[in-house]
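Geometric and topological summary
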Amino acid sequence: MPRSVNSVASRARRKKVLKQAKGYYGRRKNVWTVAKNAVEKAMQYAYRDRRNKKRSFRALWITRINAGARLHGMSYSQFMGAVKANNIELNRKVLADLAMNHPEAFKAVVDKVK
């Protein structure tokens, strides 16, 4: 009995990977073995950096809140401690936006917690 090979599925799988490699430089875009490795590595970077993006944004928010709080004579840690103690349920993302784009609203929050 001849060997059965599902070439339809194999071709579809390869086409899917080569489509993901579209826009890559040189043989990475059209040679199966090279493209497969390049796409696999790219997926690892994408997975890792989706998590790193969260870290980076949190660090940015903390920096912005710290800058806003220091304008009103408080450090970041004092400010966040006071926010938690006064049961103000604004997260760092919102507080950073207020500090950057709505300083009068941020001042109102600072005055509330002082």
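These remarks concern the structure in this document. (Residues numbered from 1 in each chain as written. Predicted model: local features only at pLDDT ≥ 70, side-chain atom pairs only at ≥ 80, totals over all residues. Heavy atoms only, no water.)

With that settled, the discussion passes to unusual backbone geometry. Positive phi, close to 55°, is recorded for Asn 87, a residue that is not glycine. Here Asn 87 lies in the loop between helix 3 (76–85) and helix 4 (92–101). (Helix = DSSP H or I, 4+ residues; strand = E, 2+ residues; numbered from the N terminus.)

We now examine the packing of helix 2 (residues 32–71) against helix 3. Between helix 2 and helix 3, the shortest axis-to-axis distance is 8 Å and the interhelical angle comes to 95°. In terms of orientation, helix 2 and helix 3 fall into the roughly perpendicular class. Counting all contacts with helix 2, which are made through Ile 62, Ile 65, Asn 66 and Ala 69, the residues of helix 3 involved are Tyr 76, Phe 79 and Met 80. A breakdown of the residues in the contact of helix 2 with helix 3 according to their chemical character gives 6 nonpolar, 1 polar and no charged. (Axes fitted to C-alpha atoms, helices over the stretch in contact; angles between N-to-C directions. Parallel < 35°, antiparallel > 145°, perpendicular 65-115°, else oblique. Contact = heavy atoms within 4.5 Å. Nonpolar A, V, L, I, M, F, W, Y, C, P; charged D, E, K, R; others polar.)

Let us now look at the pattern of salt bridges. Under the criterion given, the structure shown has 2 salt bridges. For Asp 111, the salt bridge identified is with Lys 107, shortest N-O distance 3.3 Å. Separated by 4 residues within a single helix, Asp 111 and Lys 107 lie in helix 5 (residues 103–113), roughly one turn from each other. (Salt bridge = Lys/Arg side-chain N within 4 Å of Asp/Glu carboxyl O.)

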